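Spelled out, the chains give:
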Amino acid sequence: MPTSTRRVAVAGVSSAIILVSATACGGGSTAATGSATKLQAAPAAQRLAGVCPKTVVVQVDWEPEAEHGPLYNLVGPGYSVDSDKKRVTGPLVIGGKDTGVDIQIRAGGSAIGYQSVPSQMYVDKRITLGTVTTDVAISASAKQPVTAVAALMKKSPQVLMWDPATHPDWKTIADIGKSNEKIVYVNGSTYAALLVSKGLIKKSQLDGSYDGAPARFVASPGIAQQGFATAEPYIYQHEVAAWKKPIKYQLLSDVGFNVYPESLSVRSGELASLSPCLKKLVPVLQQSAADFAAKPSATVKLISDLVQQYNTGWVYSEGTGTFAARQMVKLGILGNEADGSLGSFDMKRVASALMTFTPLVQQSGAKVKPGLTARDLATDEFIDPSIGLK
């Protein structure tokens, strides 16, 4: 089962369709970037020195993108970029003020050989937090258990997309399932098995050959294809030169894909020892998410700059990042839970996801920890219920 179903970034830069290699190309050195101006200290409640590691290391599951905006929003001026290892390190700031520790955000995808985040967390114990989706956490529970401490996103941005001109009658994923059209996706993606089990699509429709390139969709607009509500609607209309028109889609979260995507997680066995840090760090992460939602532009520029410096073949324009930041809030992908807090978990939903995805990940060959509970997968212990989107 793939550890990530993120797309390979491809943008149309001419009338030709270009597939950009996802392998790293070229080397680079660590370079300091940004102002060296002395930062004002954060308030005592947000001071992390002495309780958190001197460098809070975060391993993300993919290349720099706006879905990780709340994390990149924490990187302060004077940061350095390691273009070889695909990492950015700088003072961890909130509201422009120094918390007293540094943050290092490590890219995923090609930078880690497309391995899972839990596997990286257990290989390198310097990693403090990793972004882990619920079904991946279930898959890793037997040998690499992780516990989520904050939800980076409330719901998944993943979609199935289609051409409305070819299929004006398609309004939902269920409509796709009533046809015999192929659904092109990344082979082994858990959501595909879920949609089949719910009777929304037919197994015979599945085509697991999706490589991230728009060429097939452009050439065969009758198909349905996986995508992200935070990217493909903008990219296909504005950046794929051979398309340049709208697409339609439905969020997988609307039809039972109830995972918490890319939740900030720690190794389960270190939850207790990290508790003093997490009590102060998690509210800082919550506030950063709220700040990013309100004013994403500076962070989007940083993300775009990192993409260029890392030079892995991942293409992510500032326009896509700006669209994604707005779309996340518009669609409730980045949004408050029912209690009004940002980054918290609905534990009934975690328990439901556990029941739904355990048999599906077992079918894929993964071993699930016997007796695994929702509390093993996530905790609201460190959430500040007063922090949310206004």
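Thresholds applied
- Residues numbered from 1 in each chain as written.
- Predicted model: local features only at pLDDT ≥ 70, side-chain atom pairs only at ≥ 80, totals over all residues.
- Heavy atoms only, no water.
- Core = buried A, V, L, I, M, F, W, Y, C linked by side-chain atoms within 4.5 Å.
- Buried < 20%, exposed > 50% of the residue type's maximum accessible area, 1.4 Å probe, protein only.
- Helix = DSSP H or I, 4+ residues; strand = E, 2+ residues; numbered from the N terminus.
- Contact = heavy atoms within 4.5 Å.
- Expected span 1.5 Å × (residues − 1).
- Phe/Tyr/Trp six-rings, centres within 6.5 Å; stacked < 30°, edge-to-face > 60°.
- Lys NZ or Arg CZ within 6 Å of the ring centre and 35° of its normal.
- Salt bridge = Lys/Arg side-chain N within 4 Å of Asp/Glu carboxyl O.
- Axes fitted to C-alpha atoms, helices over the stretch in contact; angles between N-to-C directions.
- Parallel < 35°, antiparallel > 145°, perpendicular 65-115°, else oblique.
- Left-handed = near helix turned anticlockwise from the far one by under 90°.
- Nonpolar A, V, L, I, M, F, W, Y, C, P; charged D, E, K, R; others polar.
- Pairing = 2+ DSSP bridges.
- Disulfide = S-S within 2.5 Å.

## Side note on the nonpolar core
Of all hydrophobic cores here, the largest spans 55 residues; its most connected members are Val 88, Leu 92, Leu 278 and Leu 281. Ranked by residues supplied to this core, first place goes to helix H8 (residues 271-294) with eleven residues. Aside from chain neighbours lying at most four places away, what touches Leu 278 is Leu 129, Val 149, Val 266, Leu 271, Pro 283 and Phe 382. One finds Ala 151, Ile 176, Leu 195 and Val 255 within the second-largest nonpolar core, a separate group that totals 43 residues.

## Some words on helix H9 (residues 297-310)
The end-to-end C-alpha distance of H9, which contains 14 residues, comes to 20 Å, matching closely the 20 Å that a straight helix rising 1.5 Å per residue would cover. Of the residues making up H9, those classed as buried are Thr 299, Val 300, Leu 302, Ile 303, Ser 304, Leu 306, Val 307 and Tyr 310. Asn 311, located one to two residues past H9, shows a positive phi value of around 55°.

## Brief notes about the packing of aromatic side chains
Each aromatic ring pair is specified by the distance between its two centres and by the angle formed by the two planes. Evaluation of the coordinates by the stated rule reveals twelve aromatic pairs. For the pair Tyr 191 and Phe 257, a centre-to-centre distance of 6.1 Å together with 75° between the ring planes defines the contact as edge-to-face. Of this pair, Tyr 191 sits in helix H5 (residues 190-197) while Phe 257 sits in the loop between strand S12 (248-251) and strand S13 (263-267), placing them 66 residues apart in sequence. Residue Tyr 191 shares its accessibility class with Phe 257, and that shared class is buried. Ring centres of Phe 257 and Phe 357 lie 5.7 Å apart, and the angle between their planes is 80°; on these two criteria the pair is classed as edge-to-face. Of the two residues, Phe 257 sits in the loop between S12 and S13 while Phe 357 sits in helix H11 (residues 347-363), which places them 100 residues apart along the sequence. Three or more aromatic residues link up through ring pairs in this structure, and these residues are Trp 62, Tyr 114, Trp 314 and Tyr 316. Positioned above the aromatic ring of Trp 243 is the side chain of Lys 245, whose terminal nitrogen or guanidinium carbon lies 4.4 Å from the ring centre.

## Observations concerning the pattern of salt bridges
All chains considered together, the criterion is met by seven salt bridges. The residue Arg 106 makes a salt bridge to Asp 124 at a minimum N-O spacing of 2.8 Å. With Arg 106 in strand S5 (residues 97-106) and Asp 124 in the loop between helix H2 (117-123) and strand S6 (129-132), this pair connects stretches of sequence that are 18 residues apart. Arg 106 gets classed as buried once you look at its relative accessible area, which sits at 6%. Relative accessible area serves as the criterion here: at 13%, Asp 124 is assigned to the buried category.

## Side note on the packing of H9 against helix H10 (residues 318-330)
Here H9 crosses H10 at 140°, and the two axes come no closer than 9 Å. One way to sum up the angle between H9 and H10 is to call them oblique. The two elements H9 and H10 cross, and the hand of that crossing is right-handed. Where H9 abuts H10, its residues Val 300, Lys 301 and Ser 304 lie against Glu 318, Gly 321 and Thr 322. Classifying every residue of the contact of H9 with H10 gives one nonpolar, three polar and two charged.

## Some details on the sheet that holds strand S9 (residues 183-184)
With mixed pairing, the five strands of this open sheet are ordered in space as S10-S9-S11-S8-S12. Edge positions in the sheet fall to strand S10 (206-207) and S12, since each has one partner strand and no second. When S9 meets strand S11 (residues 224-228), the two strands line up parallel, connected through two bridges. Counterpart to Val 184 in the pairing with S11 is Gln 225. Lying on the sheet, H5 is in contact with strand S8 (158-162), S10 and S11; it crosses S8 at an angle near 70°.

## Considerations on unusual backbone geometry
Of note, Lys 86 is a non-glycine position whose phi angle comes to about 60°, a positive value. Along the chain, Lys 86 turns up in the loop between strand S3 (80-82) and strand S4 (87-94). We note that Asn 311 has phi near 55°; this positive angle belongs to a residue other than glycine. Tracing the chain through its elements places Asn 311 in the loop between H9 and H10. Residue Asn 311 is classed as partly exposed on the basis of its relative accessible area, which comes to 39%.

## Details of the state of the cysteines
For the coordinates displayed, the defined rule picks out one disulfide. The disulfide bridge from Cys 52 ends at Cys 277, spanning 2.0 Å between sulfur atoms. In this structure, the disulfide formed by Cys 52 and Cys 277 twists by about 95° around the S-S bond and is classed as right-handed. Here Cys 277 lies in helix H8 and Cys 52 lies in the loop between strand S1 (30-32) and strand S2 (55-59), a separation of 225 residues in the sequence. Here Cys 52 and Cys 277 have matching classes, each one buried.

## Section: the pairing of S13
S13 sits mainly inside the fold: five of its five residues count as buried. Note that strand S7 (residues 146-150) and S13 share four bridges and pair antiparallel. Its bridge partner lying in S13, Thr 147 is registered against Val 266.

## Comments concerning the side chain of Gln 120
Of note, Gln 120 is situated in helix H2. Contact partners of Gln 120, with chain neighbours within four places excluded, come to Gln 59, Ile 112, Gln 115 and Ile 127.

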